[in-house]
Amino acid sequence: MIAAPHRLGLALALLTLALPATAAAQTPAPAAEPRQMRATRTETAPQVDGRLDDAVWQQAAWNRDFTTREPVEGGQPAGATEIAFLVDGGSLYVGARMHGAAPGDVRAQLARRDREGDAEQLAVSLDTYHDRRTAYTFAVSAAGTRIDYYHPSDSEGSRSYSFDPVWQAETRVDAEGWTAEMRIPLSQLRFTASGDPVWGVNVVRTVPARNEVAYWQLVGRDQTGWSSRMGELAGLGALRPSRRL
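What you see is a predicted model; the values in this text were computed from it and never measured.

The rules behind the values
Residues numbered from 1 in each chain as written. Predicted model: local features only at pLDDT ≥ 70, side-chain atom pairs only at ≥ 80, totals over all residues. Heavy atoms only, no water. Helix = DSSP H or I, 4+ residues; strand = E, 2+ residues; numbered from the N terminus. Buried < 20%, exposed > 50% of the residue type's maximum accessible area, 1.4 Å probe, protein only. Contact = heavy atoms within 4.5 Å. Phe/Tyr/Trp six-rings, centres within 6.5 Å; stacked < 30°, edge-to-face > 60°. Lys NZ or Arg CZ within 6 Å of the ring centre and 35° of its normal. Pairing = 2+ DSSP bridges. Core = buried A, V, L, I, M, F, W, Y, C linked by side-chain atoms within 4.5 Å. pLDDT = per-residue confidence, 0-100. Polar contact = N/O pair within 3.5 Å; in protein donor to acceptor, adjacent residues only side chain to side chain. Salt bridge = Lys/Arg side-chain N within 4 Å of Asp/Glu carboxyl O.

Draft legend 1. Structural view of the overall build of the protein. Each helix and strand in the protein was counted, giving 2 helices and 13 strands. Sorting the 245 residues of the protein into buried and exposed places 47% on the buried side. Within the protein, residue pairs in contact and separated by at least 24 positions form 66% of the contacts whose partners lie at least 6 positions apart.

Rendered as structure tokens:
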């Protein structure tokens, strides 16, 4: 029979051994092979009107190959999505083309800001510290409704809508689907200045009419984490964070 003090010591030792395993189980591992996209430096800012007809967009690196999580995980979206990033001394620009599954099938109901509604939506999430814990999300619907929130923890559903940045977004619906342009001033973001930073990034397209959700860097249904599973945004060049009073 084990004496009470010995039993207590044994229990404490077992608990100490179990704690690291528990902590590791709560921290999701990053994506095994994070994808990378590159922003293009520009001296000429595009006109943010949703048309994507500025010459500077022809020089940008366009990214495709989205993967669905709904309705079938790992599937091919019914309509292709293309996205590119530009950056100048003061802003990050996002250009995107969302192809429809058929002509005229884009749902574009107008809603109030930060109301997701039933319209198609494109969301861009940025882990600007690349700490794999936090992120900013900027989203726009096909009707031009802007949605923004901050992820204070490593979870896609962890959202603080008190984040209320000043930024621009314009969209256009046409026979091929719809297009979007965003201008995100660097003054609205927090990041660490460095020679050539790399940010975490993911892009999600939601199509309620088809119950379709497509990711640039897929996060599976059984996977936890958000920033820790993002791809990478490189090519930003030297960025200077703004000072705030």
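Read on, since the account is not over.
Draft legend 2. Broad picture of the packing of aromatic side chains. One pass over the structure, following the stated rule, counts 8 aromatic pairs. Put simply, the rings of Tyr136, Phe138, Tyr150, Phe163 and Trp167 touch in pairs and so form one group of aromatic residues. Here the guanidinium or amino end of arginine 146 rests over the ring plane of tryptophan 167, the centre of that ring lying 5.7 Å away.

Draft legend 3. Just the sheet that holds strand β2 (residues 40-41), in detail. With mixed pairing, 5 strands are arranged side by side in an open sheet as β2-β4-β5-β10-β9. Each edge of the open sheet is held by one strand with a lone partner, namely β2 and β9 (168-174). Judged from the 2 bridges that link them, β2 and strand β4 (residues 81-87) form a sheet pairing that is parallel. For arginine 41, the partnering residue across the bridge sits in β4 and is valine 87.

Draft legend 4. Seen up close, the nonpolar core. Of all hydrophobic cores here, the largest spans 36 residues; its most connected members are Ile83, Phe85, Leu189, Trp199 and Leu233. At the level of secondary structure, the elements contributing two or more residues to this core comprise β4, β5 (91-99), β6 (121-127), β7 (135-141), β10 (177-185) and β11 (199-207). Those residues in contact with leucine 233 that sit more than four places away from it in its chain are Met37, Arg38, Ala39, Phe85, Leu126, Pro197, Val198, Trp199 and Val201.

Draft legend 5. Structural detail: the pairing of β7. Most of β7 sits out of view: 7 of its 7 residues are buried. Neither face of β7 is exposed, since Ala135, Thr137, Ala139 and Ser141 on one face and Tyr136, Phe138 and Val140 on the opposite face are all buried. Pairing of β6 with β7, which is carried by 6 bridges, proceeds in the antiparallel orientation. In the strand pairing of β7, serine 125 is matched with threonine 137. Pairing analysis gives 6 bridges linking β7 to strand β8 (residues 146-151), with the strands arranged antiparallel. Within the sheet, the bridge partner assigned to phenylalanine 138 lies in β8 and is aspartate 148. Linking two consecutive strands that pair antiparallel, namely β7 and β8, is a turn of 4 residues; a positive phi of about 95° is found at glycine 144 within it.

Draft legend 6. The environment of valine 207, seen in detail. Relative to the assigned elements, valine 207 resides in strand β11. Once the C-alpha coordinates of valine 207 and aspartate 118 are considered, the two residues, 89 residues apart in sequence, prove to be 8.3 Å apart.

Draft legend 7. Examining the confidence of the model for the protein more closely. Taken residue by residue, the protein gives an average pLDDT of 86. The fraction at 70 or more is 81%. Taken together, the stretch residues 1-27 has pLDDT below 50 and engages in 2 contacts with residues farther than four places along the chain or on a different chain.

Draft legend 8. Main features of the side chain of aspartate 148. As for its position among the elements, aspartate 148 is in strand β8. A polar contact of 2.9 Å, which involves the side chain of aspartate 148, links it to the side chain of tryptophan 167.

Draft legend 9. Spatial organisation of the environment of serine 158. By secondary structure assignment, the location of serine 158 is in the loop between β8 and β9. Those residues in contact with serine 158 that lie beyond four places of it in its chain are Tyr150, His151, Pro152 and Ser153. Separated by 2.9 Å, the side chains of serine 158 and serine 153 make a polar contact.

Draft legend 10. View of the pattern of salt bridges. Considering all chains together, one arrives at 8 salt bridges under this definition. With a shortest N-O distance of 3.0 Å, arginine 64 and glutamate 82 are connected by a salt bridge. Taken together, the residues arginine 64 in the loop between α2 (55-58) and β3 (67-70) and glutamate 82 in strand β4 connect sequence positions 18 residues apart. Residue glutamate 82 is classed as buried on the basis of its relative accessible area, which comes to 16%. The salt bridge partner of glutamate 212 is arginine 210, with a shortest N-O separation of 3.5 Å. Residue class for glutamate 212 comes out buried when judged on its relative accessible area of 7%. For arginine 210, a relative accessible area of 24% gives the class partly exposed. Salt bridges here are not isolated pairs; linked through shared partners, they connect Glu70, Glu73 and Arg221.

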